[in-house]
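As a plain string of letters, each chain reads:
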Amino acid sequence: MTIFTLDKVRKTFTNGEIEEEILKGINLSLKEGEVTALVGASGSGKSTLLTIAAGLQPASNGQVIFDGNNMTAMSSEEVRKIRASKFGFVFQFAHLVPFLTVEEQLMLMLDVSESRLSKQARKAEVNKILLLVEMDHKKNAYPSSLSGGEKQRVAIARAIIHEPKVLFADEPTASLDSKRSKDVMSLIQNITKTLNITTLMVTHDEEMLSYVDHVIKMSDGIVLQSGD
Amino acid sequence: MNIAWKEIKKNKVRFLILGSIVFLVSLLTFIISGLANGLSQDNAALIKDLPKGQFYMNKDAEETYNLSKIDSDIQKEILNKQKDAVAFSIQMGFLNDKDDKQQSVAFVASTDSKLFKNVKDGEIILDSSLKNKGIKVGDTLTNNQFSGEFIVKGFVDQKKYSHAPVAYINMKNYQEIYRVMEMQLIFTPGGDSSKEFTGLQSFSNKDFLNTIPSYNAEQMSLNMIVWFLVVISGMLFAIFFYMMNVQKVGLYGILKAIGIKTSRLFKMMWTQMLFITIIALIMSITLSQFFNMVAPEGMPFHLTFETTAQLSIVFLIIGFIGATLSGMQIKKIEPLQAIQQGEA
Ligand SMILES: Nc1ncnc2c1ncn2[C@@H]1O[C@H](COP(=O)(O)OP(=O)(O)O)[C@@H](O)[C@H]1O
Ligand SMILES: [Mg+2]
């Protein structure tokens, strides 16, 4: 089932006098329970596309339809609510809150998403997700004592703890070595299937493509080819 | 979840430093305002203890009560009209004890009134600070302009004028020492300023205090220090939170990206500011009140609870404004920027 559609999305940046079109009419759709990878040369517009889809910046033109609603027509507060409750985010760096323990990072996310779970249910949920990302033994650790791979697994846990519909990941493995990258990728693949969410990720790394369902190749602001 | 508290717990030293500075600045503020109030008591308790009312002095005195002479007919007229009105005079002078040691005092003489001590011819009532100088009830004191002797009838607490202890004497004795028949001033309790008397100028309590030389200058400079300290503490908050926020721009961006409300980030800052300020204030209030109790008797220090409460509220408001001003940058943070900036 298609849950996310981009329809003729264009993005223009103005640098002083110069107007530059970075996205030149992008169409794509994402299905539930599938991982879609955006690949392409650096500067081809992958991150711009991902952040527009994620409601982190507006499109100059075109429509972003999520779950039947046109996000381009929403107020910034409505978009924030969707980001908080329906989307999850993983970036190149984990960006954890330095003064919260692993468990508290996830509790904060449940707070932000205005989860209706009771306090006890929240704790159980946190334990469940930490088991899933194999970080349950570091529940009370602060980010400063975790390795890069461990931080990224916590970041993934934070991105899915509130059961989002869409997971956005921009080069989630770029800061990790090959072994850890594969672990994180199989984790994302696994989560997408078990929680039946929709994942849109950007990657550089050809090796990671064996973990995804669709590959969309971008070049210079357009979709070159879309395949399985 | 209370992220404000979690951050304080994780970064104790940072918050401890801010807390200590706020504590020291507020303590200093309390001490100086206690000193200002103490000095003002020492300078004019005699006048400050009077109820609200109107002071009258001769227009020709040009606001210098020392030069004022109130015509005895007008005095009679006012005192007849208003039963609780009182005519009085204050003059600085000296008393000699039996060892011929000189004590500087402020002589006060008045017509019959509950507001002043009324003493008989040859008697004197003194401020209790003179007890420490070895003067007792029943002692005889002299003044070189006075033909007779004063017998000490008793003591009163906290009656000071121009940093000297007050000595209440009879009007007749006053007239002999200073060779004037007229009184300097008339005070009508509760009297309203609209009441005019020919040749007299009226003053409210506050206006009259300001005619006392040195009172105004002393209070103004001390109050200026107090307000400087208050402003400095506000700036401290602004600078501290500004620096903290600059360090956290990346973090705030990420939190905004995952959907946290900007208002929650502000609440976090306000909670931290309140927490630090309240603890620092509790400590400085306790310490300054303790100081109030143990301050040496000779030290003019008087810190009322009212002043402390007022200053505390001002501190909280200033801290709030400081933190909020520096928090305005949070509003401007774009989530996207933070993501692209790399590891926070
Ligand atoms: N906020 C912006 N202002 C101006 N130009 C931008 C902005 N964001 C991205 N760009 C430009 O858009 C192009 C695509 O960037 P990006 O989407 O980050 O590429 P990718 O992620 O594929 O490497 C780049 O040339 C970049 O400089
Ligand atoms: Mg990119």
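A few points on the structure. (Residues numbered from 1 in each chain as written. Chains lettered and ligands numbered in written order. Predicted model: local features only at pLDDT ≥ 70, side-chain atom pairs only at ≥ 80, totals over all residues. Heavy atoms only, no water.)

### Some words on the overall build of chain A
Within chain A, the secondary structure is distributed over 6 helices and 10 strands. The C-alpha radius of gyration computed for chain A amounts to 17 Å, which stays within 12% of the reference 17 Å derived for 228 residues, consistent with globular compactness. Seen through its principal axes, chain A has C-alpha atoms that stretch 50 × 40 × 40 Å. The proportion of buried residues among the 228 residues of chain A is 53%. Across chain A, the fraction of contacts at a sequence separation of at least 24, relative to all contacts at a separation of at least 6, is 70%. (Helix = DSSP H or I, 4+ residues; strand = E, 2+ residues; numbered from the N terminus. Rg over C-alpha atoms; globule rule 2.2 N^0.38 Å. Buried < 20%, exposed > 50% of the residue type's maximum accessible area, 1.4 Å probe, protein only. Contact = heavy atoms within 4.5 Å.)

### Quick notes on the site of ligand 1
Residue and element names in this part refer to chain A. Every residue close to ligand 1 is listed here: Phe 13, Asn 15, Ile 22, Ala 41, Ser 42, Gly 43, Ser 44, Gly 45, Lys 46, Ser 47 and Thr 48. Between ligand 1 and Lys 46 there is a distance of 2.9 Å, counted from an oxygen atom to a backbone nitrogen or oxygen. Note that an oxygen atom of ligand 1 is positioned 2.5 Å from one of the side-chain N or O atoms of Thr 48. Taken by itself ligand 1 offers 570 Å² of open surface, and the protein chains cover 65% of this. At the level of secondary structure, the elements contributing two or more residues to the shell around ligand 1 comprise strand S1 (2-15) and helix H1 (46-53). Class assignment for the residues of the shell around ligand 1 results in 3 nonpolar, 7 polar and 1 charged. (Near = heavy atom within 4 Å. Polar contact = N/O pair within 3.5 Å; in protein donor to acceptor, adjacent residues only side chain to side chain. Areas by Shrake-Rupley, 256 points an atom, 1.4 Å probe, with all protein chains shown as cover. Nonpolar A, V, L, I, M, F, W, Y, C, P; charged D, E, K, R; others polar.)

### Here's the deal with the packing of helix H5 (residues 148-160) of chain A against helix H6 (residues 178-194) of chain A
All names here are of chain A. The contact between H5 and H6 brings their axes to 10 Å, and the two run at 15°. One finds that H5 runs roughly parallel with respect to H6. Crossing angle aside, the handedness with which H5 passes H6 is right-handed. Within the contact between the two elements, H5 uses Gly 149, Gln 152, Arg 153, Ile 156 and Ile 160 and H6 uses Arg 180, Val 184, Leu 187, Ile 188 and Ile 191. Considering only residue class, the contact of H5 with H6 consists of 6 nonpolar, 2 polar and 2 charged. (Axes fitted to C-alpha atoms, helices over the stretch in contact; angles between N-to-C directions. Parallel < 35°, antiparallel > 145°, perpendicular 65-115°, else oblique. Left-handed = near helix turned anticlockwise from the far one by under 90°.)

### Here we look at the interface of chain A and chain B
Contact with chain A, which involves 28 residues of that partner, is made by 23 residues of chain B. Applying the counting rule to chain A against chain B returns 3 salt bridges. Counting every contact that joins chain A to chain B gives 5 residue pairs in polar contact (both at pLDDT 80 or more). Of all the elements in the fold, those that place two or more residues in the side of chain A that touches chain B are helix H2 (76-86), helix H3 (102-112) and H5 of chain A. Class assignment of the residues belonging to the side of chain A that touches chain B gives a composition of 16 nonpolar, 4 polar and 8 charged. (Salt bridge = Lys/Arg side-chain N within 4 Å of Asp/Glu carboxyl O.)

### Examining the pairing of strand S2 (residues 86-96) of chain B
Along any regular strand the residues' side chains alternate between the sheet's two faces. Residues and elements named next belong to chain B. In terms of burial, S2 is a largely internal element, 9 of the 11 residues being buried. Alignment of S2 against strand S9 (residues 185-189), held across 3 bridges, turns out to be antiparallel. Looking across to S9, one finds that Val 86 is bridged to Phe 187. Alignment of S2 against strand S3 (residues 102-110), held across 9 bridges, turns out to be antiparallel. Across the sheet, residue Ile 90 finds its bridge partner in S3, namely Val 108. In textbook terms, the turn of a hairpin is the stretch between consecutive antiparallel strands, and for S2 and S3 this stretch comprises 5 residues, one of which, Asp 100, has a positive phi near 65°. (Pairing = 2+ DSSP bridges.)

### Observations regarding the environment of A:Gly62
Residue and element names in this part refer to chain A. You can see Gly 62 is positioned in strand S4 (residues 61-66). Residue classification places Gly 62 among the partly exposed residues on the basis of a relative accessible area of 26%. Spatially, the C-alpha atom of Gly 62 lies 4.8 Å from that of Lys 8, the residues being 54 residues apart in sequence. Dropping the residues within four chain positions of it, Gly 62 is found in contact with Asp 7, Lys 8, Val 9 and Thr 72.

### Concerning the pattern of salt bridges
All chains considered together, the criterion is met by 22 salt bridges over all chains. Between A:Lys165 and A:Asp67 there is a salt bridge, with its nearest N and O atoms 3.4 Å apart. Here A:Asp67 lies in the loop between S4 and strand S5 (69-70) and A:Lys165 lies in the loop between H5 and strand S7 (166-170), a separation of 98 residues in the sequence. B:Lys159 is the salt-bridge partner of B:Asp49, the closest N and O atoms lying 2.8 Å from each other. Of this pair, B:Asp49 sits in the loop between helix H2 (12-48) and strand S1 (53-58) while B:Lys159 sits in the loop between strand S6 (150-156) and strand S7 (160-161); the two residues are 110 residues apart in sequence, bridging distant segments of the chain. Judged by relative accessible area, which is 41%, B:Asp49 ranks as partly exposed. B:Lys159 gets classed as buried once you look at its relative accessible area, which sits at 16%.

### Examining the sheet that holds strand S9 (residues 214-219) of chain A
Residue and element names in this part refer to chain A. What the 6 strands build is an open sheet, ordered S6-S7-S8-S3-S9-S10; its pairing is mixed. If you trace the sheet from one side to the other, it starts and ends with strand S6 (87-90) and strand S10 (222-227), each paired once. Strand-to-strand twist of the sheet, defined as the mean angle between neighbouring strand axes without regard to direction, takes the value 20°. Bridging between strand S3 (residues 35-40) and strand S8 (residues 198-202) involves 4 bridges; their strand directions are parallel. Each bridged residue has a counterpart across the sheet, and for Thr 36 the counterpart in S8 is Leu 200. Lying on the sheet, H6 is in contact with S3, S7 and S8; it crosses S8 at an angle near 155°.

### Focus: the environment of B:Ala167
All names here are of chain B. If you trace the backbone, Ala 167 turns up in strand S8 (residues 164-169). Remark: the alpha-carbon pair of Ala 167 and Phe 155, spanning 12 residues in sequence, is separated by 9.2 Å. Contact partners of Ala 167, with chain neighbours within four places excluded, come to Leu 95, Val 105, Ala 106, Phe 107, Val 108, Ile 124, Ile 125 and Leu 126.

### Section: the sheet that holds S5(A)
Residues and elements named next belong to chain A. Taken in spatial order, the 4 strands of this open sheet run S2-S1-S4-S5, and their pairing is antiparallel. One side of each edge strand has no neighbouring strand; the edge strands of this open sheet are strand S2 (18-31) and S5. Summarising the sheet, S1 and S4 pair through 5 bridges and their orientation is antiparallel. Bridge assignment links Leu 6 to a residue of S4, and that residue is Val 64. On the sheet, H1 packs against S1, S2 and S4 and is oriented at approximately 120° with respect to S1.

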